[in-house]
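A closer look at the structure
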Amino acid sequence: MKRLLILEDGTVFEGEAFGADANVFGEIVFTTSMTGYQETITDQSFNGQIITFTYPMVGNYGINRDDYESIAPTCKGVVVKEHARRASNWRNQMTLDEFLKRKGIPGIAGIDTRALTKKLRNHGTMKASLVDAGDQLHHAFDQLKATVLPTNQVHQVSTVTPYPSPGVGRNVVVIDFGLKHSILRELSRRECNLTVMPYNTDAKTILDLAPDGVMLTNGPGDPKDVPEAIEMIQKIQGKVPIFGICLGHQLFSLANGADTYKMKFGHRGLNHPVREIATGRIDFTSQNHGFAVDEATIDSTKLMVTHVEVNDGTIEGVRHRHYPAFSVQFHPDAAPGPHDALHLFDEFMEMMDAWKEQA
């Protein structure tokens, strides 16, 4: 069956349908990852977005039980050059097509993803829709133009009620803005006793749990759409160690007076080089974000820039000058990889231990 990808600038791509039979609207973005499509599709940071894969073949090793970053993905659609209809891998449980059908996510294959990616790089991310080829184009364009993208993405993906992930070591409260399971895995590997809390949990509730540290997770959308989290961070910093990742990094920066801005096309992929300023060390990192911290607005009396992106110089990490708190824009938990930045979880452990010794 034929399916159309329609962009808000009037561009139309025709391809073959796979996945769910559904018409959808969302923001279209691209990722440069060469592997890890299951982790990408199930990453809640893609909430409401249509994902374009620049790697030419997707689906060749299927879907397995180990690589979920969430159980109920909320991306809107998947765009690929070539969809592998047969999967070959010893862990394979189902094909990508079967998985997308089960999750209600439509896909389109057979389009020129290079041309699409170049357009998004030149013009920036934009609204798009996936529709059946038989639908009237003018009606689909009218619907697309009238579509207003949501601003409550974190509310859509955060847990509603707290839940534990028991361990035997340090007590860590994890604030869920749309967390990836790999964050929980890395903390659990370090024997942390985890309590996952909703995004709008207030400071008192967090501190009443007597945590050794607080993790601010990744998540979708504009950090300024989560003002309650900014207020919470302002009230807990200085009272407990904090580690922020991705959206958590942006919220931590906002809580300390910095500003954020929407990027032209964002950073999405597993191959972004980041330099640690203090050592000059280069880590290749996993990233998935459309907003960034504005360097010009950072109050140097509060925050110190620790990491920058090698390609475009954007801010990739900050550390508080007075409190035990730091954050990074990239994903040190990276699944499927690269794993260059896993040491940051160990630094968080050391920070919590040092804080306890001082208490």
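Being a predicted model, the structure only gives us computed values, none of them experimental. (Residues numbered from 1 in each chain as written. Predicted model: local features only at pLDDT ≥ 70, side-chain atom pairs only at ≥ 80, totals over all residues. Heavy atoms only, no water.)

For the rest of this paragraph, the subject is the sheet that holds strand S16 (residues 282–293). Spatially, S10-S12-S11-S13-S14-S19-S18-S17-S15-S16 is the arrangement adopted by the ten strands of the open sheet, whose pairing is mixed. With one partner strand each, in any of the chains shown, strand S10 (163–165) and S16 form the two edges of the open sheet. Across the sheet, the mean angle separating the axes of adjacent strands is 25° when strand polarity is ignored. Note that strand S18 (residues 315–320) and strand S19 (residues 325–328) share three bridges and pair antiparallel. Note on S19: the bridge partner recorded for Gly317 is Val328. Along the sheet face, helix H6 (residues 181–189) touches S10, strand S11 (171–175), strand S12 (193–197), strand S13 (213–216) and strand S14 (242–245) and points at about 155° away from the line of S12. On top of the sheet, helix H8 (residues 227–236) reaches S11, S13 and S14; it is set at about 155° to S13, its chief contact. (Pairing = 2+ DSSP bridges. Helix = DSSP H or I, 4+ residues; strand = E, 2+ residues; numbered from the N terminus. Axes fitted to C-alpha atoms, helices over the stretch in contact; angles between N-to-C directions. Contact = heavy atoms within 4.5 Å.)

Evaluated as defined, the whole model comprises 20 salt bridges. One salt bridge in this structure joins Lys235 and Glu231, with 3.0 Å as the shortest N-O distance. Residue Lys235 and its partner Glu231 are located together in helix H8, separated by four residues, close to a single helical turn. Through salt bridges with shared partners, a single network forms among Arg65, Asp66, Asp67 and Arg91. (Salt bridge = Lys/Arg side-chain N within 4 Å of Asp/Glu carboxyl O.)

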